[in-house]
Amino acid sequence: MQFGTHGNLEKHGFARNRLWLVDDNPPPLPVNSGIKTYADLILKPSEEDLKIWPHRFEFRLRVALGPKGDLFLTSRIRNTNTDGKPFSFTFAYHTYFSVSDISEVRIEGLETMDYFDNLKGKERFTEQGDALVFESEIDKVYLDTPPKIAIIDHEKKRTFVLRKDGLPDAVVWNPWERRSKTILDFGDEEYKHMLCVEPAAVEKPITLKPGEEWKGRLELSAVPSSYYSGQLDPDKVLHG
Ligand SMILES: O=P(O)(O)OC[C@H]1O[C@@H](O)[C@H](O)[C@@H](O)[C@@H]1O
């Protein structure tokens, strides 16, 4: 229930460190008829959690796979407070992508966007120029981004396409060489082969009154580069 240090809780909040239960009887969710495989999980606060964050909630996650291997993540958060109090939270799907070589990868869909730079005290800047490429540590929260973002991996001839809904922002993170060495569960060389692009709601926290529910959705597909005829045609990737 919190992205990064954008709030008062531990970094990235506590929901990711809790044991979730299988949700046997989730409220209905409109499903794409092609999707036959999915799992529903639920997290409710424990008495200990209520001491850290004094709000009752139901946090549901559906993880679904499409017939071609597309991944669909749907989160629903409901305020179940009985004291009449609203609550607010920030959110991000911490999605890591495996890439051939970070120096050869580009992101399309975030050019000209405003962002908060977490490496510069969360100051706000505007992205200049073309698609994003990487040559040093990056930790930025792009604001009010389009619903479709593409990660183009030239060497692997593969493009990841992210489609998001209810998640206006997008975090882009790679710790690069120096910071990698300070992260215990991250190999010294692993930064070369990964990139985090995280659909998020950070700038404007979501506020729910008792009984209200929020929904955030991410759809991830991997398509061969031939998808855009071997050419870097952002128009086809982003609007196709
Ligand atoms: O190592 P963690 O806690 O999972 O976080 C990794 C990174 O996650 C990103 O989402 C943040 O923008 C970075 O600031 C952070 O370092």
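Look up: the structure comes first, before these words.
Note that the structure is predicted; figures quoted are calculated from it, not measured.

About the thresholds
Residues numbered from 1 in each chain as written. Predicted model: local features only at pLDDT ≥ 70, side-chain atom pairs only at ≥ 80, totals over all residues. Heavy atoms only, no water. Salt bridge = Lys/Arg side-chain N within 4 Å of Asp/Glu carboxyl O. Helix = DSSP H or I, 4+ residues; strand = E, 2+ residues; numbered from the N terminus. Buried < 20%, exposed > 50% of the residue type's maximum accessible area, 1.4 Å probe, protein only. Core = buried A, V, L, I, M, F, W, Y, C linked by side-chain atoms within 4.5 Å. Contact = heavy atoms within 4.5 Å. Pairing = 2+ DSSP bridges. Phe/Tyr/Trp six-rings, centres within 6.5 Å; stacked < 30°, edge-to-face > 60°. Lys NZ or Arg CZ within 6 Å of the ring centre and 35° of its normal. Near = heavy atom within 4 Å. Polar contact = N/O pair within 3.5 Å; in protein donor to acceptor, adjacent residues only side chain to side chain. Areas by Shrake-Rupley, 256 points an atom, 1.4 Å probe, with all protein chains shown as cover. 1 Å grid on protein atoms, 1.4 Å probe; cavity = no way out; pocket = protein on both sides within 12 Å on 5 of 7 lines; lining within 4 Å. Sits in = over half its atoms within 2 Å of the grid points. Nonpolar A, V, L, I, M, F, W, Y, C, P; charged D, E, K, R; others polar.

K.L.:
So what's going on with the pattern of salt bridges? Which residues, and what values?
P.N.:
Taken as a whole and assessed by the stated rule, the structure comprises 15 salt bridges. Between Arg163 and Glu219 there is a salt bridge whose closest N-O contact spans 3.8 Å. Linking Arg163 in strand E12 (residues 158-165) with Glu219 in strand E15 (residues 213-224), this pair joins segments that are 56 residues apart in sequence. Look at Arg163 and you get partly exposed, because its relative accessible area is 27%.

K.L.:
Could you give an account of the nonpolar core, with specific residues and numbers?
P.N.:
Ile77, Phe89, Ile107, Leu110, Phe134, Ile151 and Leu195 are the most contacted members of the largest nonpolar core, which has 48 residues in total. Among the elements that make up this core, the one with the highest residue count is strand E14 (residues 194-208) (7 residues). Apart from the residues within four sequence positions on either side, Leu110 is in contact with Glu127, Leu132, Tyr142, Thr145, Ile149, Ala170 and Val172.

K.L.:
Let's hear about the sheet that holds E12: which residues, and what values?
P.N.:
Spatially, 8 strands are ordered E1-E2-E3-E4-E15-E12-E11-E7 in an open sheet, and the strand pairing comes out antiparallel. Sheet topology places strand E1 (21-22) and strand E7 (105-108) at the edges, where each strand pairs with a single neighbour. Pairing of strand E4 (residues 71-79) with E15 involves 8 bridges; the strand directions are antiparallel. Within E15, the position partnered with Leu71 by the bridge is Leu220.

K.L.:
Now, about the packing of aromatic side chains: what can you tell me, with residues and values included?
P.N.:
What the rule picks out here adds up to 15 aromatic pairs. Ring plane angle 50 degrees and centroid distance 4.9 Å describe the contact between Phe97 and Phe160, whose orientation is recorded as tilted. Note that Phe97 is positioned in strand E6 (residues 96-98) and Phe160 in strand E12, a separation of 63 residues in sequence. Like Phe97, the residue Phe160 is buried in the burial classification. Lying across the ring of Tyr38, Arg62 places its NZ or CZ 3.9 Å from the centre. The residue whose ring lies beneath Lys120 is Phe125, and the NZ or CZ to ring-centre distance is 5.3 Å.

K.L.:
Please give an account of the site of the ligand that cites residues and values.
P.N.:
Around the ligand sit Phe3, Lys11, His12, Arg16, His94, Asn118, Asp139, Val171, Trp173 and Glu198, and those are all the residues in its vicinity. Between Lys11 and the ligand, the recorded distance is 3.2 Å, taken from a side-chain N or O atom to an oxygen atom. Between an oxygen atom of the ligand and a side-chain N or O atom of His94, the distance comes to 2.9 Å. For the ligand, the protein covers 83% of the area, taking 390 Å² as the surface of the free molecule. Spatially, the ligand is embedded in the largest pocket. Across the shell around the ligand, the residue classes tally to 3 nonpolar, 3 polar and 4 charged.

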